[in-house]
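Structural characterization, general
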Amino acid sequence: GAGVSQSPSNKVTEKGKDVELRCDPISGHTALYWYRQSLGQGLEFLIYFQGNSAPDKSGLPSDRFSAERTGGSVSTLTIQRTQQEDSAVYLCASSLEGRTDTQYFGPGTRLTVL
Amino acid sequence: AQSVAQPEDQVNVAEGNPLTVKCTYSVSGNPYLFWYVQYPNRGLQFLLKYITGDNLVKGSYGFEAEFNKSQTSFHLKKPSALVSDSALYFCAVRALGASKIIFGSGTRLSIRP
C-alpha cells in the first residue's frame, strides 16, 4: 500500500519568505508527527497530532513555525519568515494510534534557506 | 522529562563480527523503546520495539535488542554484521502516558568487508 508521502521533496527559498511543507499520512493512521533533522544531527521533535485531540506543539522552536492537520489526514507545516538556521530535512511520520505503534516515515522535504 | 542517549557517534565493525549499538534512556515509569534505521538517501525504517513482556526483542534484518531495566539500556545487537548493515541507527523512547517520542542523536554504523 501507499506509504507516507511528503511534498515537495526539495525546497529552496530566500531568507524571509514563508514556506509550506505537506504530509500525506498512511490512510487510517490517526497519529501524525513532524520532526526536523539537521545535517549531522538527530531527529528533533516538532509537533504531534492524535485524532481530534489538541496537538502537542511543545517541540516547535519558535512562533514562526505552525502546523495544521485538516480532516484528520493531510498535514501542513508552515514556516514564516524563514531563517538560514531553518535549513534542514523535515520528516513526517504517521502511526495507527500513536502511543505504542510503529511510526512510518515519509522521505522528507529538504529545505534550504539562502 | 524523558531523554535518550546514544553515546557513540560511530561504530566500526568488520563483516561477520558481532555488532552492538548502545542506547540508554531516562523516563519516569515504564518506557516504550524503539530502534529505527536510516539508509543513505532513504527514509527512516522501523527495526524493532519493546513495549512489554520478553526483554529480548527480535526485529528486522536479524537485529535484536535487550531491554535492561536496571541499567536503563536498550542496546541493539546482531550476531554477524553485513556490509549492507552500514547506516545511521536511531534509538527512541516514549514514557507511558507521554504523547511524544524522543529520538537519540544517532549512531553511524560502518561495516568493513
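Attention in this report is confined to the structure presented alongside it. (Residues numbered from 1 in each chain as written. Chains lettered and ligands numbered in written order. Predicted model: local features only at pLDDT ≥ 70, side-chain atom pairs only at ≥ 80, totals over all residues. Heavy atoms only, no water.)

Here's the deal with the pattern of salt bridges
All names here are of chain A. By the definition in use, this model includes 5 salt bridges over all chains. Two residues, arginine 22 and aspartate 24, come together in a salt bridge whose shortest N-O distance is 2.8 Å. A relative accessible area of 38% means that arginine 22 is categorised as partly exposed. Of the charged contacts in the structure, one is a salt bridge between glutamate 44 and arginine 36, with a shortest N-O distance of 3.0 Å. (Salt bridge = Lys/Arg side-chain N within 4 Å of Asp/Glu carboxyl O. Buried < 20%, exposed > 50% of the residue type's maximum accessible area, 1.4 Å probe, protein only.)

Structural notes on the packing of aromatic side chains
For the structure shown, the criterion picks out 15 aromatic pairs over all chains. Ring geometry for tyrosine 33 of chain A versus tyrosine 35 of chain A: centroids 6.0 Å apart, planes at 15°, classification stacked. Given the relative accessible area of 0%, tyrosine 33 of chain A is considered buried. On the basis of an interplanar angle of 45° and a centroid distance of 5.5 Å, the ring pair of phenylalanine 63 of chain B and tyrosine 89 of chain B is categorised as tilted. Placement of the pair is phenylalanine 63 of chain B in the loop between β7 (56-58) and β8 (64-68) and tyrosine 89 of chain B in strand β10 (residues 87-95), with a sequence separation of 26 residues. On the accessibility criterion, tyrosine 89 of chain B (0% relative accessible area) is buried. Three or more aromatic residues link up through ring pairs in this structure, and these residues are Tyr33, Tyr35, Phe45, Tyr48 and Phe105 of chain A together with Phe34, Tyr36, Phe46, Phe90 and Phe103 of chain B. (Phe/Tyr/Trp six-rings, centres within 6.5 Å; stacked < 30°, edge-to-face > 60°. Helix = DSSP H or I, 4+ residues; strand = E, 2+ residues; numbered from the N terminus.)

A few points about the sheet that holds strand β6 (residues 65-69) of chain A
Residue and element names in this part refer to chain A. With antiparallel pairing, 4 strands are arranged side by side in an open sheet as β1-β3-β7-β6. Edge strands, defined here as strands with exactly one partner in the open sheet, are β1 (5-7) and β6. Between one strand and the next, the sheet's axes are offset by a mean angle of 15°, whatever the strand orientation. Of the pairings in the sheet, the one linking strand β3 (residues 19-24) to strand β7 (residues 75-79) comprises 5 bridges and is antiparallel in character. Within β7, the position partnered with arginine 22 by the bridge is threonine 76. (Pairing = 2+ DSSP bridges. Axes fitted to C-alpha atoms, helices over the stretch in contact; angles between N-to-C directions.)

Remarks on the pairing of β8 of chain B
Residue and element names in this part refer to chain B. As judged from the 3 bridges shared by β7 and β8, these two strands associate in the antiparallel manner. The partner of valine 57 across the bridge, within β8, is alanine 65. Hairpin connection from β7 to β8: 5 residues lie between these consecutive antiparallel strands, with tyrosine 61 at a positive phi of about 55°. Pairing of β8 with strand β9 (residues 73-78) involves 5 bridges; the strand directions are antiparallel. Residue pairing across strands places alanine 65 opposite leucine 76, the latter belonging to β9. Counting the residues between successive antiparallel strands, the hairpin from β8 to β9 contains 4 residues, one of them, threonine 72, with a positive phi of roughly 45°.

Regarding the interface of chain A and chain B
Opposite the 19 residues of chain A that make contact, chain B presents 20 residues. In total, about 1,600 Å² of surface goes out of reach between chain A and chain B, with carbon and sulfur atoms giving 53% of it. The tally of links between chain A and chain B comes to 3 residue pairs in polar contact (both at pLDDT 80 or more). At the level of secondary structure, the elements contributing two or more residues to the side of chain A that touches chain B comprise β4 (31-37) and β5 (43-50) of chain A. Classifying every residue of the side of chain A that touches chain B gives 7 nonpolar, 9 polar and 3 charged. (Contact = heavy atoms within 4.5 Å. Buried area = accessible area lost by both parts, 1.4 Å probe. Polar contact = N/O pair within 3.5 Å; in protein donor to acceptor, adjacent residues only side chain to side chain. Nonpolar A, V, L, I, M, F, W, Y, C, P; charged D, E, K, R; others polar.)

Remarks on unusual backbone geometry
Of all residues except glycine, most have a negative phi; of all peptide bonds, most are trans. With an omega of -10°, the peptide bond between serine 7 of chain A and proline 8 of chain A qualifies as cis. Mapping proline 8 of chain A onto the fold places it in the loop between β1 and β2 (10-13). Phi is positive for tyrosine 61 of chain B, close to 55°, though the residue is something other than glycine. Classification of tyrosine 61 of chain B as partly exposed rests on a relative accessible area of 44%. Of note, threonine 72 of chain B is a non-glycine position whose phi angle comes to about 45°, a positive value. By the element assignment, threonine 72 of chain B lies in the loop between β8 and β9. By relative accessible area, which is 31% here, threonine 72 of chain B ends up partly exposed.

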